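# Structural description and commentary
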Amino acid sequence: MDVPRNVATASSQTDRSRVARRKEQARQRLVGAAAEIIVSKGTEGLRLREIADLADVGFGSFYTHFDSKEELIAAVVKDTVQSLSAPVVAQSARADDPAEAAAAAHRWFIPLAATDPKTAQLIVNLDRADVMLELAVDQNARQMLKRGIESGRFRTMDVETTLAFVVGATIAVMRGMLEGRLDSTADIASAEAFLGVLGVDPSSAAEIARRELPLS
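This write-up is about the structure you can find in this document. Small disclaimer: the values here were computed from a predicted structure and weren't measured.

### Digging into the overall build of the protein
Of regular secondary structure, the protein possesses 11 helices and 0 strands. In sequence order, the protein lays out its α and β elements as α-α-α-α-α-α-α-α-α-α-α. When contacts within the protein are restricted to residue pairs at least 6 apart in sequence, those whose partners lie at least 24 apart make up 68%. Of the roughly 11800 Å² of accessible surface on the protein, a fraction of 52% belongs to carbon and sulfur atoms.

What follows is the structure, encoded as structure tokens:
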């Protein structure tokens, strides 16, 4: 007996959906496995076979999901930073004062060294971490800086250079905390310095940098 066309179509769509779901699950396992290895060994310690074994994905199917190890690393960065930054970006967008938004965003990342050292290690151990983190936060950070300049809260500056400077400083402070060279108040001192770079007067920078974090 012939199967009705609508039934066959529905069955075919279900099969495609199931395949797509399994493929995405395998991809996420690869990203998770790579992140776990980066934490302990850095990007130079990544080996495709080890990643595939840890993710329980066939080694030969790796290139079904990624064109290269570099593309996998980029996916780790994107997934990690986007998941971390989503709440702070939403909070910053609601802040009336661009200086308060900038300080809160900066201070939110740095304490990961104390509250979530595994994620912090992942970020600082990435090869070219500053470049990758800058690309990941580029759009939102750029908008924040431009809003401050346009409102007169920040001095006129080269946004690209300032963004590169701040991202590099963020990673350096996180690394200092992880290594025990900087204490748990480093986020406040760093935020104060950051606001000074943006042109906020010293007294205001000191006060804003010490405000209670909205998301803490």
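### Examining the nonpolar core
Ranked by internal contacts, the top residues of the largest apolar core, which has 58 residues, are I51, F154, L195 and L198. Sequence-distant contacts of L195, defined by excluding residues within four places in its chain, comprise A99, A103, V200, A205, I208 and A209.

### With respect to the environment of I208
Position of I208 among the secondary structure elements: in helix α11 (residues 202-209). In the structure, I208 is positioned 108 residues away from E100 in sequence and 6.1 Å away in space, judged by C-alpha atoms. Setting aside chain neighbours within four positions, we find I208 in contact with D97, A99, E100, A103, R153 and L195.

### Re the packing of aromatic side chains
Per the counting criterion, the structure on display carries 2 aromatic pairs. Consider the rings of F62 and Y63, whose centres lie 5.1 Å apart with planes at 85°: the pair is edge-to-face. Seen from their ring centres, F62 and F66 are 5.9 Å apart, and the 35° between their planes marks the pair as tilted. Taken as a pair, F62 and F66 share a single burial class, namely buried. Following the ring pairs from residue to residue traces out a cluster consisting of F62, Y63 and F66. The aromatic ring of F59 is capped on one face by R49, whose charged end is 4.0 Å from the ring centroid.

### A look at the pattern of salt bridges
Under the defined criterion, the tally for this structure stands at 8 salt bridges. The shortest N-O distance in the salt bridge between R211 and E207 comes to 2.9 Å. E207 gets classed as partly exposed once you look at its relative accessible area, which sits at 41%. Connected via shared salt-bridge partners are E100, E207 and R211.

### Things to note about helix α2 (residues 48-55)
Buried residues of α2: L48, I51, A52 and A55, and no others. The buried residues of α2 occupy one face: seen down the axis, they fall within an arc of 95°. Phi for D56, located one or two positions after α2, is positive at around 60°.

### Side note on unusual backbone geometry
A positive phi angle, close to 60°, is found at D56, a residue other than glycine. Mapping D56 onto the fold places it in the loop between α2 and α3 (62-65).

### Looking at the environment of L163
With respect to the element layout, L163 can be found in helix α9 (residues 159-178). C-alpha of L163 to C-alpha of R142: the two residues are 21 residues apart in sequence and 7.3 Å apart in space.

### A closer look at the environment of E100
The residue E100 is located in helix α5 (residues 98-109) in this model. The partly exposed category is assigned to E100, whose relative accessible area is 28%. Separated by 105 residues in sequence, E100 and A205 have C-alpha atoms that sit 9.1 Å apart. Setting aside chain neighbours within four positions, we find E100 in contact with I208 and R211.

Procedures and definitions
- One numbering rule holds for all chains: residues counted from 1, following each sequence as written.
- Reporting in this predicted model follows two pLDDT cut-offs: at least 70 for local features of residues, and 80 or more for side-chain atom pairs to be given and counted; totals over whole chains, interfaces and linings ignore these cut-offs and use all residues.
- Neither water nor hydrogens contribute to the side-chain values; these are computed over all heavy atoms in the structure.
- Numbering of helices and strands runs from the N terminus, with a helix taken as a DSSP run of H or I at least four residues long and a strand as a DSSP run of E at least two residues long.
- Contacts between residues were defined by any pair of non-hydrogen atoms, one from each residue, lying within 4.5 Å.
- Reported accessibility uses the Shrake-Rupley method at a 1.4 Å probe radius. Residues are deemed covered only where the shown protein chains occlude them.
- We call a set of buried residues a nonpolar core when its members are Ala, Val, Leu, Ile, Met, Phe, Trp, Tyr or Cys and they connect through side-chain atoms within 4.5 Å of each other.
- Buried residues are those whose accessible area, probed at 1.4 Å on protein chains only, stays under 20% of the maximum for their type, while exposed residues exceed 50% and partly exposed ones sit between those limits.
- Only Phe, Tyr and Trp rings are paired, with Trp represented by its six-membered ring, and only when their centres lie within 6.5 Å; those with planes under 30 degrees apart are stacked, over 60 edge-to-face, the remainder tilted.
- Lysine and arginine charges are scored as sitting over a ring when NZ or CZ, respectively, is within 6 Å of the ring centre and within 35 degrees of the ring normal.
- The term salt bridge refers to a pairing of a side-chain nitrogen on Lys or Arg with a carboxyl oxygen on Asp or Glu at a separation within 4 Å.
- It is the directions from the helix axis to the C-beta atoms whose arc is reported.

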